[in-house]
Structures are given as C-alpha cells and as structure tokens.
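Survey of secondary and tertiary structure
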Amino acid sequence: MNKNSSNTMALAPNTSNKRETVCIFGTGDFGRALGQKMIQSGYSVVYGSRSTQMSNLIPKDAEVLGHAEAAQKAAIIIIAIQRQHYNFLTPLAEVLRGKVLVDISNNLKLNQYPESNAEYLAQLLPGSKVVKAFNTVSAWALQSGTLDASRQVFVCGDDVEAKQMVMNIVRALGLTPLDKGSLLAAQEIENYPLQLFPMWKFPIFLSLGLTAFFFLYCLALDVIYTYIYENNNFSFFIAITIPNRVCPVMALILLALVYLPGIFAAIIQLYRGTKYRRFPDWLDKWMLCRKQLGLIALAFASLHAVFTLVTPLRAFVSWRTSKGIISQALNNKTEPLNNTNAWLSDSYLALGILGYFLFVLLGITSLPSVSNNVNWREFRFVNLGYLALIFCTAHTLVYGGKWFLSPSAYKWYLPNIYILSLIIPCAVLVVKFVLIFPCVDKPLTKIRQGWERKPKYSE
Ligand code: NAP
C-alpha cells in the first residue's frame, strides 16, 4: 500500500471517539444512506461527486468535493456508482493507487457480465485494493434502521489488510461481516440479491406437489367414492375435512424428510468407510434445504392445529353428535363409555400436543438469533427433532392405526391416507434406531472423526 500522507493519517490508531475519514464516490441513494449511517457511527465522510454543490439530501456533516480531491482525504473509498460508469475512474488511477476501493454494486440480472463488478474494478485499477462488500444491504434498510433481518454483510477481497479495514467499518456500523474469501467470490456475492428463494425452491415445489397429490387422493376417496357408492354428497369436505387430513400428513412426511438425508448420509459413509468423499449432488442439495423443509412442515402442523380447534364449530360435527344422541334417545339406550376408545382418543391428543410443542421448539431453535446464542452442545441438547418425529408418528399411529386392519379403509383397494403418511417416518425411525446401536454407531462416529477404512494417504 502506498503510504502517502493522507493514508497514514486515515489509518492512524484511534485516540478519540472519532473514527477515520471515509470517502464515498456518488451521492445517489446508497451513497447518501451509507454516508449517514457512517457519520452516526463516528466516521468523517467526504463525498466525491460530479457536482460539488451541497444539497439538502446529503448528510449534514459530510463534505462534498470533486472525485480526486475527495479521494486524497481517505484511505478507503466506497464506490457507490453503477458499474457502467466505472470508466470515469481510470483517469483517477494515480490518486487511487494503494487505496482500498469498496465495490458495493449489484447487477440487474444473474451473471450479467463475464466477470464480477468487483473484478472488473480491480482490472481497471490494478494499483488499488478492491474489496466487495455491502451489496446485500439496501439503502432503505440503512436509512430506516430495519437491518434486523439482514445484519450479515458478505465481504471478499484479495488483500487481507484491506478486507480487515472494511470488516472493521462493517462492525462499527453494527453489522456482521462474513468473510467469503478472495475476490473470486464476488460473482457469487453479487448474485445473492438476484436469487429468488434459492434454498426454498425445492421444499416449496415438493410441498406443492405432495399437497396436490394428497388433496386429490382424499377427494377421490372421501368425496367421489362416497358419492358414487354411498350416495352421500360430502363435497363440503373440501373446505375443512380434507385440508385437515392433508396438513398433518404433509407435516409428518416433511418432518421425516428433514431427517432422511442424514440417514442416507450415514449409510453412505458406513458403506464407503470414509467421510472424505463427496456425497452425490442430490443429497448435498437436499441436506442444504432441511431447515426450509422443517419450517414448511411446522406451517402445516400449525394449520392442522387451527383446523382441529374449529372442529366443534362445524355444522357437520354438531349434526353428527345430535344424530347420535337422538338415536340413543329413540332406542332408549345409553351407550356405555368405551374405555379403550377414551384411552386412544386422549393418548393421540396428548401425543399430538407434545409433538406440536417440540415441533415449535425446534422451529424456535432454528432462528438465527436463537441458534447464534447456543453452543454446539446446547444446540444438540435442545435439538429435539427426532423426539418431535417420534411423538408426531405415534400421534398418527394411534389415530390412524385402526385403519390398517379395517377392510373399509381400502376404498378402491387404496390404503387410507394415514397409512401412506406413516411409511417414510417409520422407515426413518427404524433405520435411526439401527444406527444408534453401538456396533453401528461406533464405526460411524470414528468415520466422522476422520478415520478411514482404506486410507488414501497411508504413512
Ligand atoms: P443512484 O441513486 O443512481 O446513484 C448513483 C450515483 O452515481 C449518482 O448519484 C451519481 O453521483 C453517480 N453517477 C451517476 N452517473 C455517473 C457517471 N456517469 N459518472 C460518475 N458518477 C456517476 O444509485 P444507487 O441506488 O445509489 O446505487 C449505487 C450503487 O450501489 C449501484 O452500483 C447499486 O447497485 C449499489 N447498491 C444500491 C443499493 C440500493 O438500495 N440503492 C443496495 C445495494 C447496492 P454524483 O451525482 O454524486 O456524481
């Protein structure tokens, strides 16, 4: 780094509350919002602009100068200008030599240019140290202070010292820097704001597909079949009955799908006898969206809870109850309490409540603000996912188990939806049970600690 007088001054250790001077090129939306936030955090801000006239929009305590003059006042220059105008920087190459240039730009399309904007800037000004940062923070969030959801700032750059200086600014603004490595990572960082729910795509499409399948399945068995063979018009089941069957089934299957890739991973590692070989791509992708699958499952479970709570309000339910009472009155006979049924109904309700409670707890621990505050051991302790899966599977088993054996459950020779919903969760729990046996768990733990059955590099 060229230690000219201005740089040395700007990098001098802080002896007062006042921090160093930072230069921002561009007095547009982002430049102004970032400048305001920096002034609030104790920095002196000097703008480099095409027009040196002060306006009401520019933060009060900032200075506005021409680009070259402003750049001389600071060691760090934030380029708050669109990439297509970067050419104007070339004549300033000498002034910018040795300075840290922060590229904050975004594009309109994914992979819009062959190289990232930050790499392009580095090519234009090889004598400067380019760092990519701040592009995932919006001007609006900086101004309104609504940064809670996006405190993380991705930073990358080839010069470690320059990157540290930018990360210090990020921290001083109350944000969290995340070092993404060299400038090669800039393309990926620039693509982040343009991606549409990348981790949610697979879970959302899977949930939509499965929901449509189970909805049509129930429609065929509960509405169409009863209409054809029993001459009952239960079309109103579409509103509450069928959704209240599909939601718990979806919640249970998706929760099991959160744990199934872990089971596959364990089997693959045991089979290969090493953890140093990549999993197949589909498994990697599946593992990465487990949290999203779990959150969608929680949404389905919550809907199921709400649908169940409104059950007593339904006209169909009160009609069925009064029909039972009237038939007992007409026959002058009171049905004795069936103790087995009472036990079954109370048990499945209790299991459902406990399962849902653990499910919610699991959802809460997945929030970054919670998971960031627990260490690994605490996280494992409260990671009650398998327990939630056991309770929810037991809840479905106790409720729907009676349909396993009843021939009436096999309309058109198709099994009841509850039978279908239990296949994946039961398979996951059975294999997990096998995996915790010491004779399987011990070699798996060894493999995960780095042991290899056939070491690649033996001494
Ligand atoms: P903007 O409001 O259009 O401001 C861009 C500034 O660039 C202008 O105010 C102007 O400043 C300067 N400029 C324009 N044409 C120029 C030229 N030909 N030569 C030199 N300077 C020129 O844009 P913005 O929203 O602030 O965005 C600036 C950069 O930040 C973009 O790269 C954008 O991708 C990135 N970004 C923006 C946001 C956001 O929320 N807005 C979020 C993340 C990243 P002067 O008039 O002072 O010269």
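Residues numbered from 1 in each chain as written. Predicted model: local features only at pLDDT ≥ 70, side-chain atom pairs only at ≥ 80, totals over all residues. Heavy atoms only, no water.

Quick look at the site of the ligand
In the vicinity of the ligand, 19 residues are found, and the nearest of them are T27, F30, S49, N106 and A139. Between F30 and the ligand, the recorded distance is 2.7 Å, taken from a backbone N or O atom to an oxygen atom. Between the ligand and Q82 there is a distance of 3.3 Å, counted from an oxygen atom to a side-chain nitrogen or oxygen. About the coverage of the ligand: the protein hides 77% of its 890 Å² of free accessible area. Looking at side-chain class alone, the shell around the ligand contains seven nonpolar, ten polar and two charged residues. (Near = heavy atom within 4 Å. Polar contact = N/O pair within 3.5 Å; in protein donor to acceptor, adjacent residues only side chain to side chain. Areas by Shrake-Rupley, 256 points an atom, 1.4 Å probe, with all protein chains shown as cover. Nonpolar A, V, L, I, M, F, W, Y, C, P; charged D, E, K, R; others polar.)

What to know about the environment of Y217
By secondary structure assignment, the location of Y217 is in helix 9 (residues 201-229). Expressed as a C-alpha distance, the spacing of Y217 and I417, which sit 200 residues apart in the sequence, is 7.7 Å. What Y217 contacts, discounting residues up to four positions off in sequence, is L414, P415, I417 and L420. (Helix = DSSP H or I, 4+ residues; strand = E, 2+ residues; numbered from the N terminus. Contact = heavy atoms within 4.5 Å.)

Examining helix 19 (residues 417-435)
Relative to the 27 Å expected for 19 residues at 1.5 Å per residue, helix 19 spans 28 Å between its end C-alpha atoms, a close match to the ideal helical length. Residue I423 marks the point of greatest curvature in helix 19, where the axis turns by about 30°; the proline P425 follows within four residues. What helix 19 keeps buried is the set I417, Y418, I419, S421, L422, P425, V428, L429 and L435. Buried residues in helix 19 make contact with helix 9, helix 10 (241-272), helix 17 (385-400), helix 18 (402-405) and helix 20 (438-448). With a side-chain oxygen lying 2.9 Å from the backbone nitrogen of Y418, the N-terminal cap of helix 19 falls on N416. (Expected span 1.5 Å × (residues − 1). Bend = angle between axes of the 7 residues up to and from the residue. Buried < 20%, exposed > 50% of the residue type's maximum accessible area, 1.4 Å probe, protein only.)

Considerations on the domain arrangement of the protein chain
As far as domains go, the protein chain holds domain 1 (19-194) and domain 2 (200-449). Using C-alpha coordinates to define each centre, domain 1 is positioned 48 Å away from domain 2. (Domains from an automatic or database assignment.)

Things to note about a nonpolar patch on the surface
Together, I224, Y227, I228, Y229, W412 and L414 make up a nonpolar patch on the protein surface, roughly 610 Å² of accessible area in all. Here Y229 lies in helix 9. (Patch = residues over 30% accessible without salt bridge, like charges linked within 9 Å, V, L, I, M, F, W, Y side chains within 5 Å. Salt bridge = Lys/Arg side-chain N within 4 Å of Asp/Glu carboxyl O.)

Considerations on unusual backbone geometry
With a phi close to 55°, N332 is a non-glycine residue in the positive phi region. Along the chain, N332 turns up in the loop between helix 13 (315-330) and helix 14 (339-365). Here the phi dihedral of W412 falls at roughly 50°; this positive angle occurs in a residue that is not glycine.

Notes on the UniProt feature "transmembrane region" (unreviewed entry) in the protein chain
Sites flagged by UniProt as "transmembrane region" (unreviewed entry) map to residues 204-229, 249-271, 292-313, 348-369, 381-405 and 417-440. Taken end to end, residues 204-229 comprises 100% helix and 0% strand; its first and last C-alpha atoms sit 36 Å apart. The straight-line gap between the two end C-alpha atoms of residues 249-271 is 32 Å; of that span, 100% is helix and 0% is strand. (UniProt positions renumbered as here; feature names shortened; annotations may be inferred.)

Brief notes about helix 14
Counted at 1.5 Å a residue, the expected span for helix 14 with its 27 residues is 39 Å, and the 39 Å between its end C-alpha atoms agrees. Those residues of helix 14 that fall on the buried side of the exposure criterion are L351, G352, G355, L358, F359, L362, G363 and T365. Sitting at the amino-terminal end of helix 14 is N338, which places a side-chain oxygen 3.0 Å from the backbone nitrogen of T340.

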